[in-house]
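If you want the building blocks of each chain, they are given just below.
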Amino acid sequence: MKAAIDAYFDRVRNTLIKNLQQLVAIRSVKADPQPGMPFGPEVAQSLEEVLRQARELGLITHNHEGYVGTVDINELEPSLGILVHLDVVAEGDGWTKEPFGGTIEDGRLYARGATDDKGPAIAALFALAAVKELGVPLTSGARLILGTDEESGSSDIKYYFAKERPPRHVFSPDGAFPVINTEKGGLRTSFEGLFQEEAALPRVLSASGGYRVNVVPPVAEATVEGLSLAEVQACALAVSARTGAEFVCTALPAEGSVPRVRIQVQGTGGHASLPEQGVNAVTALLDGLVALPLADTPIHQALRGVYETFPHGDYYGEAAGLKMEDELSGPLTINFSILEIEPTRIYGFFDSRTPLCATESNTMDVLERKLAVYGVQLKRSGFSPPHHTPADSPFVQTLLSCYEQYTGQKGSCNYSGGGTYVHGIEGGVAFGCTMPGVDPRPHGADEFVILDDLLTSASMFTQVIIDICGKKA
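A few points on the structure. As the structure is a prediction and not an experimental result, all values here were calculated from the model.

**Quick word on the overall build of the chain**
Consideration 1: Along the chain, the regular secondary structure elements total 10 helices and 27 strands.
Consideration 2: On C-alpha atoms alone, the chain measures out to a radius of gyration of 24 Å, which is about the 23 Å that the 2.2 N^0.38 rule sets for 473 residues.
Consideration 3: Residue burial in the chain is summarised as follows: out of 473 residues, 56% are buried.
Consideration 4: When the accessible surface of the chain is totalled, it reaches about 18600 Å², and 50% of it is carbon and sulfur.

Listed below in structure tokens is the structure:
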């Protein structure tokens, strides 16, 4: 079948790319719900666009109350599910291409969602169409499941699977090749400290940074008073040199005779599961604030304590007492995602991806005690278990065989810090669409997908459908 599959995708290549460009043009970021649109009108528009494309390809579609869409190849009971999502994170800053333009340069298509997860969704859609077009006899069905809330908690899939049973075999092309059979657990929660307002100077009047828990914060800013612009700039220069973040300091109108300075920090965004690949603007800002000669007040003591717990560049939680790893799932990672500081309050939200050996006792209990010393309380929530499917399962071996056939590369199973839709689905794994050694910058500026790799992925998915659904399970 390989020659026939490759010929099909050579023939439809331009149509597949055009359909992807139409899809990435929709800014499907979660918004306030409307009737029939639980995640806002643009997410709903994105779902309807894919369902429209599916009908044009002769496939069977259904919209499940705006939460999920399904595309079936036939009327048979599906034994294979391909789980993708159409919602995206906000574009953020730092783009050199139009975030929703679908620009193609040097074989890459640039757009928010190009790789996470609209490109893979279109590849899977055309895989179903390929099997139908090639007339391959099937003994069971294959279903593309189109989610719409993966980036904000996956309430879409919870809704859908409360009504529909998952197929026996499920993979999600929301990761990397060859196969991700182990996904870390998570500790995603907040902390807060409340204090009496202190007028002692110098002080931090306000600070903020980050906008989403699963994104390395690309920007942050603060306002300090009681220090001159020259004093703050000298500190910022040193902090910029050691963190890699860019600092811009601006004098604000004084409050009486008290000078005020705004500090703006530009880092580099990225996915929270790979914090070492970004430059965290929040922790860089905290590095700068604690380096200033602030008044010795309880809130500033707490500020220093928070920074000592989450220092810049400590991607593995060593300072927090959380450093750990195991052979199957690798090291714990941590991303300080969101910061808010007011004269009487410090608030933070972080995202830690935890290995199989992590428990509430050796993560949450440890962090709770450490922050309490500084008058900061950890919220006891947000611990989720890891996901693991044995590498020797027949389904995983089928996927690895297809990967080897279409790439000529040796297949293997790997772990990921990024949770996918199959997290918690028994026997589910992530399969594609990113090839080894490629960083398509999901959640970052200039996210892209390599078009040749996307077409190869679509060919592989087609073969998987044939291998799983073309014979009795």
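Picking up after the structure, the text goes on.
**Observations concerning the packing of helix H2 (residues 41–56) against helix H3 (residues 114–134)**
Consideration 1: Running from amino to carboxyl end, H2 crosses H3 at an angle of 20°, the nearest separation of the two axes being 11 Å. Taken together, H2 and H3 sit at an angle that is classed as roughly parallel. As H2 runs across H3, the sense of the crossing is right-handed. Here H2 contributes Ser46, Val50, Gln53 and Ala54 to the contact with H3, which in turn contributes Lys118, Ile122 and Leu125.
Consideration 2: Residues that form the contact of H2 with H3 fall into these classes: 4 nonpolar, 2 polar and 1 charged.

**Re the packing of helix H1 (residues 2–24) against H3**
Consideration 1: Remark: H1 packs on H3, axes separated minimally by 9 Å, with the N-to-C direction vectors making an angle of 140°. Comparing the axis directions of H1 and H3 gives the class oblique. Every pair of crossing elements has a handedness; the one defined by H1 and H3 is right-handed. Contact with H1, carried on its side by Ala4, Ile5, Tyr8, Phe9, Arg11, Val12, Thr15, Leu16, Asn19, Leu20, Leu23 and Val24, involves Ala114, Lys118, Gly119, Ile122, Phe126, Ala127, Ala129, Ala130, Glu133 and Leu134 of H3 and no other residues of that element.

**A word on empty space enclosed by the protein**
Summary: where empty space remains is shown by rolling a probe the size of a single water molecule over the atoms.
Consideration 1: One pass over the full model with this rule turns up 4 cavities of 30 Å³ or more.
Consideration 2: Lining the largest cavity are 16 residues, with Thr283, Pro311, Asp314, Ile334 and Phe336 positioned closest to its centre.
Consideration 3: By residue number, the principal contributor to the lining of the largest cavity is strand S19 (residues 333–342), which donates 3 residues.
Consideration 4: Volume-wise, the second largest cavity comes out at about 100 Å³.
Consideration 5: Glu198, Ala200, Arg203, Val204, Thr297, Ile299, His300, Leu303, Ile341, Glu342, Pro343 and Ile346 are the residues that line the second largest cavity.
Consideration 6: For the lining of the second largest cavity, the secondary structure elements donating two or more residues are strand S11 (203–209), helix H7 (298–309) and S19.
Consideration 7: Split into classes, the residues belonging to the lining of the second largest cavity amount to 7 nonpolar, 2 polar and 3 charged.

**Considerations on the pattern of salt bridges**
Consideration 1: A full pass over the atoms with the stated rule returns 25 salt bridges.
Consideration 2: For aspartate 452, the salt bridge goes to arginine 13, with nearest N and O atoms at 3.0 Å. In this pair, aspartate 452 sits in helix H10 (residues 451–469) while arginine 13 sits in helix H1, placing the two residues 439 residues apart along the sequence.
Consideration 3: By relative accessible area, aspartate 452 is classed as partly exposed at 47%.
Consideration 4: A relative accessible area of 28% places arginine 13 in the partly exposed class.
Consideration 5: A salt bridge links arginine 203 to glutamate 225; the shortest N-O distance between them is 2.5 Å.

Here is what the cut-offs are and how they apply
- Residues numbered from 1 in each chain as written.
- Predicted model: local features only at pLDDT ≥ 70, side-chain atom pairs only at ≥ 80, totals over all residues.
- Heavy atoms only, no water.
- Helix = DSSP H or I, 4+ residues; strand = E, 2+ residues; numbered from the N terminus.
- Rg over C-alpha atoms; globule rule 2.2 N^0.38 Å.
- Buried < 20%, exposed > 50% of the residue type's maximum accessible area, 1.4 Å probe, protein only.
- Areas by Shrake-Rupley, 256 points an atom, 1.4 Å probe, with all protein chains shown as cover.
- Axes fitted to C-alpha atoms, helices over the stretch in contact; angles between N-to-C directions.
- Parallel < 35°, antiparallel > 145°, perpendicular 65-115°, else oblique.
- Left-handed = near helix turned anticlockwise from the far one by under 90°.
- Contact = heavy atoms within 4.5 Å.
- Nonpolar A, V, L, I, M, F, W, Y, C, P; charged D, E, K, R; others polar.
- 1 Å grid on protein atoms, 1.4 Å probe; cavity = no way out; pocket = protein on both sides within 12 Å on 5 of 7 lines; lining within 4 Å.
- Points joined across faces, edges and corners; volume = space filled by probe spheres on them.
- Salt bridge = Lys/Arg side-chain N within 4 Å of Asp/Glu carboxyl O.

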